[in-house]
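# Overview (structure and organization)
Chain by chain, the residues:
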Amino acid sequence: MTDGTGSHYEVIVIGAGVAGIYQIKRLTDLGVNAAVLDAAADLGGTWYWNRYPGARFDSESYTYGYSFSEELLNEWHWKERFSGQPENLRYLNYVADKFDLRKFMQFNCKVEAAHFDEADNVWRLTLDDGRRMTCHFIILAVGLLSTPTLPRLEGMDSFKGRSFHTYYWPHQPVELAGRKVAVIGTGATAIQIIAEIADKVGELTVFQRRPNWSAPLNNGPISDLEMADIRARYGDIFAACARTPSGFEHEPDRRGFYDVTREQRLALWDRLYDEPGFGIWLSNFREIFMDEAANAEFSEYIANRIRQRVKNPAVAEKLIPRDHGFGVQRVPLETRYLEAYNRSNVHLVDISETPIEKITEAGLRTTARDYDFDIIVYATGFDAITGSFDRIDIRGVGGETLFDKWREGPSTFLGMLVHGFPNLLMPTGPQSGSASTNFPRGIETGVNWCTDLLQHMWKRGYIRAEATPEAEQSWTAHVTKMYAIMLMRKAKSWFTGYNSNVAGHEHGKVRYFVYNGGAPKYVAKINDAAANGYDGIVLTPDSRSSSRTPLRTTAQV
Ligand SMILES: Cc1cc2nc3c(=O)[nH]c(=O)nc-3n(C[C@H](O)[C@H](O)[C@H](O)COP(=O)(O)OP(=O)(O)OC[C@H]3O[C@@H](n4cnc5c(N)ncnc54)[C@H](O)[C@@H]3O)c2cc1C
């Protein structure tokens, strides 16, 4: 069934990040003829690309790692509660080598197009170097934060110094000592990098359009003794992650916001502010996410923390968000970010007041003045959730493109299938249970479900799986409805599809990107669909079943 010009696989997985690595493990354990393709020169996805100073987890390291292998859990020693990029990349390489997965991976393979051939039930792929491949099933593990976006500014090519998006931070060390550095953006990445380089550069100027809420990470090392304790508790830790809406250990406070006194609320917030990780966001009262007044009271609490930590009152006020409340978008966690602004070499420029007009040869020009820089860092984020899907020319039944279908926002069945695009699976797609949670927990869920569906098909001789239009409409309506009660729907954030640097995404029209029902409900729903014979999916028998096998070897699927 090859097209005579390239290689044929039963399954091609696109993306060699956390999702792609686990997906190829599951498939090759079954003996399936499968390959992973990645545009990068090596594996790791997010942790291969983002090498900027300060890049690290805001998930507890030991809740981020894979849970599928006890041996792996017993072998790997996380050195920090929130581990940094170099260690995270080492971990993913360790996993790939331990399970001998690298041989199934092909790098420098950017997939430009994937067209479904209805006659043969195969996907025909074209890579950016012209190579062609075919497969029966395509699994998009392309990442939800993997298409970086640059600002749309005049003159960006004219700058004579060094400039890079944080996603493309160079692999070789960048000399920062004594340099005049600009950071454009104050989102999650900027908050990490600014705090990390403030005391390493000559001068640091931060260009902020809209401030973001943040809270302390409270990171620390994990000793041998603590790691032994974590190992002994892994079962409980992952059980707790499976129980919570967010896939973290942090459980919401189930007391009613208005059922406790203001003093009790303050006591909770004081405790959470000093604790490691997302507790301040996820162990808070649930009303924070849905009730304007509750959210405003808590936001004011965090605003006061900013006022206490930033010495210059005018700067502190500029760092307090006014257009959204705390926690209605994913909260960046920081290590002495706010204190960076107490340094005499760090300057904050509010570009909502004096916008950047252009990048110049020497630096940049705002409406107020010219600035000279040696390095410009674009910490301007991603075309989130659908960006990497939109960048591939994916054509399904009748030549319809996925880009066109999703022009106004994604519609999916369970976040994993799309009507009109048979045999295309997304273990961590838009509207799945991944983005609003601790990603790897959602990734393992999605990969396991997709693999089970494939096994079901192979065992019963099905060749084609396609979500029905009704199932897709009903799932998308369900996802949409859940936004209605969340304050998040009002935020200009990547949870709602806002990005001023992406055509069509600049105006704040809400795109229903994430599943807000929480991990346990999501898992129950996808398990129900499977238990009901993959209700919502049309499975078509293979009339030519004797002529094909999904296997590399004689293993049984
Ligand atoms: C700086 C940063 C910090 C983060 N921290 C956390 C955290 O603490 N906790 C958490 O839960 N999540 C975090 N995330 C989210 C993170 O993306 C996920 O945790 C996880 O790494 C996603 O894995 P993935 O395999 O789904 O996607 P990715 O890791 O994004 O991998 C996708 C891969 O697909 C490849 N690809 C895309 N398109 C193509 C194509 N057309 N052809 C070939 N290859 C392609 C890319 O090159 C990439 O390697 C963070 C994200 C960033 C950017």
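For the structure itself, look to the data block above.
A brief report on the enclosed structure follows. Quick caveat, the model's predicted, so the values are computed rather than measured. (Residues numbered from 1 in each chain as written. Predicted model: local features only at pLDDT ≥ 70, side-chain atom pairs only at ≥ 80, totals over all residues. Heavy atoms only, no water.)

Here we take up the packing of helix 1 (residues 18–29) against helix 15 (residues 439–460). Direction vectors running N to C along helix 1 and helix 15 enclose 35°, while the axes themselves pass 10 Å from each other. For the pair helix 1 and helix 15, the crossing hand works out as right-handed. Of the residues in helix 15, those touching helix 1 at Val 18, Ala 19, Tyr 22, Gln 23, Arg 26 and Leu 27 are Pro 440, Ile 443, Glu 444, Val 447, Asn 448, Cys 450, Thr 451, Asp 452, Leu 454, Gln 455 and Trp 458. Among the residues making up the contact of helix 1 with helix 15, the classes are represented as 10 nonpolar, four polar and three charged. (Axes fitted to C-alpha atoms, helices over the stretch in contact; angles between N-to-C directions. Helix = DSSP H or I, 4+ residues; strand = E, 2+ residues; numbered from the N terminus. Left-handed = near helix turned anticlockwise from the far one by under 90°. Contact = heavy atoms within 4.5 Å. Nonpolar A, V, L, I, M, F, W, Y, C, P; charged D, E, K, R; others polar.)

This next bit is on the sheet that holds strand 8 (residues 180–184). Ordered in space as 7-16-8-9-12, the five strands form an open sheet in which the pairing is parallel. The open sheet terminates on both sides in strands that have one partner only, identified here as strand 7 (162–165) and strand 12 (346–350). The mean inter-strand angle of the sheet, taken between neighbouring strand axes irrespective of direction, is 15°. Two elements, strand 8 and strand 9 (residues 203–208), share five bridges in a ladder whose sense is parallel. When the sheet's bridge partners are listed, Ile 184 is paired in strand 9 with Phe 207. Sitting on the sheet, helix 6 (residues 188–197) is in contact with strand 8, strand 9 and strand 16 (375–378), with an inclination near 160° to strand 8. (Pairing = 2+ DSSP bridges.)

The next subject is the site of the ligand. Near the ligand, the surroundings consist of 34 residues, among which Asp 38, Asp 58, Ser 59, Tyr 64 and Phe 439 are the closest. In this structure, an oxygen atom belonging to the ligand sits 3.1 Å away from a main-chain N or O atom of Val 18. Ala 39 has a polar backbone atom sitting 3.1 Å from a nitrogen atom of the ligand. Against a free-state accessible area of 980 Å², the protein chains account for coverage of 94% of the ligand. At the level of secondary structure, the elements contributing two or more residues to the shell around the ligand comprise helix 1, helix 2 (46–49) and helix 15. (Near = heavy atom within 4 Å. Polar contact = N/O pair within 3.5 Å; in protein donor to acceptor, adjacent residues only side chain to side chain. Areas by Shrake-Rupley, 256 points an atom, 1.4 Å probe, with all protein chains shown as cover.)

Turning next to the pairing of strand 16. Where a strand is regular, its side chains alternate between the two sheet faces. Of the two faces of strand 16, the one carrying Ile 375 and Val 377 and the one carrying Ile 376 and Tyr 378 are both buried. Pairing of strand 8 with strand 16 involves four bridges; the strand directions are parallel. Opposite Ala 182, over in strand 16, you have Ile 376 as the bridge partner. (Buried < 20%, exposed > 50% of the residue type's maximum accessible area, 1.4 Å probe, protein only.)

Look at Arg 336: it is not a glycine, yet its phi comes out positive at around 55°. Inspection of the secondary structure puts Arg 336 in the loop between strand 11 (333–334) and helix 12 (337–340). Since its relative accessible area comes to 57%, Arg 336 is described here as exposed.

Here the focus is the layout of surface pockets. What the second largest pocket holds in volume is close to 700 Å³. Lining the second largest pocket are 30 residues, and of these Pro 245, Met 486, Asn 516, Gly 517 and Gly 518 lie nearest its centre. Going through the elements one at a time, helix 9 (279–282) and helix 17 (519–531) are the ones with two or more residues in the lining of the second largest pocket. Here the lining of the second largest pocket gets three residues from one element, more than from any other, and that element is helix 17. For the lining of the second largest pocket, a count of residues per class yields 16 nonpolar, 10 polar and four charged. (1 Å grid on protein atoms, 1.4 Å probe; cavity = no way out; pocket = protein on both sides within 12 Å on 5 of 7 lines; lining within 4 Å. Points joined across faces, edges and corners; volume = space filled by probe spheres on them.)

In short, geometric facts, not functional conclusions.
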